[in-house]
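# Coordinate inspection notes
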Amino acid sequence: MQRERVTDTIHVFRSDLYVQVTAGLVMTEAGAVLIDTLLYPEETAAIKRFVEQRLGSHVKYLINTHHHADHTLGTCFFPDAHVISHRLCRELLDTRGRDAIRSMQESSNDLADTQVVLPATVFDDQMTLTVGDQTFELTWSPGHSEDSITCLVADSQVLFAADTVMPLPTFVDGNIDQLVGSIQRLQHQPYETIIQGHGEVILRGELPGRLEEDLNYLSALKTQVERAISNGKKSPHEIADVIPVEACGKEKIVLHGAAIQLHESNVYALAASMLSNAPVNT
Ligand SMILES: [Zn+2]
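Sequence positions are assigned chain by chain, starting from 1 and proceeding in written order. Thresholds applied to this predicted model are a pLDDT of at least 70 for local features of residues and 80 or more for the giving and counting of side-chain atom pairs; totals over whole chains, interfaces and linings are not thresholded and use all residues. Side-chain numbers here rest on the full set of heavy atoms in the structure, without hydrogens or water.

For the rest of this paragraph, the subject is the nonpolar core. For this analysis, a nonpolar core means a set of buried residues of the types Ala, Val, Leu, Ile, Met, Phe, Trp, Tyr and Cys, connected via side-chain atoms within 4.5 Å. Buried means the residue's accessible area, taken with a 1.4 Å probe over protein chains only, is under 20% of the maximum for its type, while exposed means over 50%, and partly exposed covers the values in between. Counting 36 residues, the largest nonpolar core has Ile194, Leu221, Val225 and Ile239 as its most contacted members. A run of H or I in DSSP counts as a helix once it spans at least four residues, and a run of E counts as a strand once it spans at least two, with each numbered from the N terminus. Elements supplying a minimum of two residues to this core: strand 11 (158-162), helix 4 (176-184), helix 5 (207-230), helix 6 (236-242) and helix 7 (258-277). Among the elements that make up this core, the one with the highest residue count is helix 5 (ten residues). Contact definition: two residues touch when any of their heavy atoms are within 4.5 Å. Among residues more than four places away in sequence, those in contact with Leu221 are Phe171, Ile176, Cys248, His263, Asn266, Val267 and Leu270. Judged by nonpolar contacts, the second largest core, of 21 residues, contains Ile84, Leu138, Ile149 and Cys151.

Okay, here's the thing in structure tokens:
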């Protein structure tokens, strides 16, 4: 796990074990706020040790940015923390989340001690959380998944964007048009730094270009899938074959090569939904 200090009070943890997933820590006068956890218990345990032993504090609030296990599965290791999420996140953790953990536990012994924790406080559109001297603005940001949120640390203008911003945007569990809207809402904002749900921290100077690149990717993807369908391609499989990730302006090497798989899943999901809505020629 990599640890990076973003400001005097904000740290980011990035997994070495699972697709560079990130978690964030904000220190306040009244305890620590943890934004997501990491997938594998050993990495979440290292975060806990850092807070308790190195910083002499404890996690008072834990924010789940969405229900996906790579972000939430470590929640059970903070039994004293007050957990907050979007309303849909709690519903999805209780349904799909439980199923996902069961099947992950069957394939990995490392996850045997994990369990789903349902958030104690939920919100719909927006929530302001004040902890000690810090204020957090939580905002619904659907697209990557229906329940995704972002978390702004107001004082420092550091935005935890979670999976709304990823080196390769994904929407297989959500909706491409909603994701476009959610990324557009982050443009032209006075953020100092964006912490994405996977990968490197994005600094202020890189922000406009990066968000533009993500929007261009989603737009190119949509155009190319439409074109493939109008050229007579009949299945998601056929369509995925003719649209490599580079054709949509992203590189294969992103996220240590996971980009290829993520992109393919995007093409499948989009092609399947467009084919099912396309007029049938008889
Ligand atoms: Zn996710």
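Once the structure has been displayed, the description carries forward.
Another aspect to go through is the sheet that holds strand 9 (residues 134-140). Whether two strands pair comes down to DSSP finding at least two bridges between them. The sheet built from six strands is open, its strands ordered 8-9-10-11-12-13 with mixed pairing. Strands at the two margins of the open sheet, each flanked by one partner only, are strand 8 (126-131) and strand 13 (201-203). Neighbour to neighbour, the strand axes of the sheet diverge by 20° on average, direction disregarded. Convention adopted: a line fitted to C-alpha atoms gives each axis, helices being fitted over their contacting stretch, and angles between N-to-C directions are expressed from 0 to 180 degrees.

Let us now look at the sheet that holds strand 4 (residues 31-35). If you trace the seven strands from one edge of the open sheet to the other, you get 1-2-3-4-5-6-7, paired in mixed fashion. Each edge of the sheet is formed by a strand with only one pairing partner; in this case those strands are strand 1 (2-5) and strand 7 (121-123). Each strand of the sheet is rotated relative to its neighbour by a mean of 20°, with strand direction disregarded. Pairing between strand 2 (residues 10-14) and strand 3 (residues 22-28): five bridges, direction antiparallel. Directly across from Phe13, in strand 3, lies its bridge partner Ala23.

Take the side chain of Thr75 next. Tracing the sequence through the fold places Thr75 in the loop between helix 2 (69-72) and strand 6 (82-86). Setting aside residues up to four positions removed in sequence, Thr75 forms contacts with Thr37, Leu62, Asn64, Val83 and Val117.

For the zinc ion, the full set of protein donor atoms is His66 (NE2), His68 (ND1), His144 (NE2) and Asp163 (OD), at a range of 2.1 to 2.3 Å. For Na, K and Ca the donor cut-off is 3.2 Å, and for all other metals it is 2.8 Å, counting N, O and S atoms only; because water is absent from this set, sites may look incomplete. A four-donor site is called tetrahedral if each angle lies between 85 and 135 degrees; a four-donor site is square planar, and a six-donor site octahedral, when trans pairs exceed 155 degrees and the remaining angles lie between 65 and 115; all other cases are labelled irregular. Coordination at the zinc ion comes from four donor atoms whose angles at the metal span 87 to 178°, giving a geometry best classed as irregular. Mapped onto the polypeptide sequence, the residues donating to the zinc ion form the spacing pattern H-x1-H-x75-H-x18-D. Of this pair, His66 sits in the loop between strand 5 (59-63) and helix 2 while His144 sits in the loop between strand 9 and strand 10 (149-153), and the two are 78 residues apart along the sequence. The exposure class of His144 is buried, given its relative accessible area of 5%.

A few words now on the pairing of strand 3. Across the seven residues of strand 3, seven count as buried, placing the element largely inside the fold. The alternating pattern of strand 3 places Thr22, Gly24, Val26 and Thr28 on one face and Ala23, Leu25 and Met27 on the opposite face, and all of these are buried. Direction of pairing for strand 3 relative to strand 4: antiparallel, over a ladder of five bridges. Pairing of Val26 across the sheet is with Val33, part of strand 4. Count of turn residues in the strand 3/strand 4 antiparallel hairpin: two residues.

Each salt bridge in this description consists of a side-chain nitrogen of Lys or Arg and a carboxyl oxygen of Asp or Glu lying within 4 Å of one another. Here the structure, examined in full by the defined rule, presents eleven salt bridges. In this structure, Arg96 engages Asp173 in a salt bridge whose closest nitrogen and oxygen atoms are separated by 3.0 Å. On the criterion of sequence distance, the pair formed by Arg96 in helix 3 (residues 87-107) and Asp173 in the loop between strand 11 and helix 4 is long-range, its members being 77 residues apart. What makes Arg96 partly exposed here is its relative accessible area of 39%. The salt bridge involving Glu246 is made with Lys252; its shortest N-O contact spans 3.7 Å. Residue Glu246 is classed as partly exposed on the basis of its relative accessible area, which comes to 40%. Take Lys252: its relative accessible area is 43%, and that puts it in the partly exposed class. One continuous salt-bridge network, built from bridges that share partners, spans Arg210, Glu213, Asp214 and Lys250.

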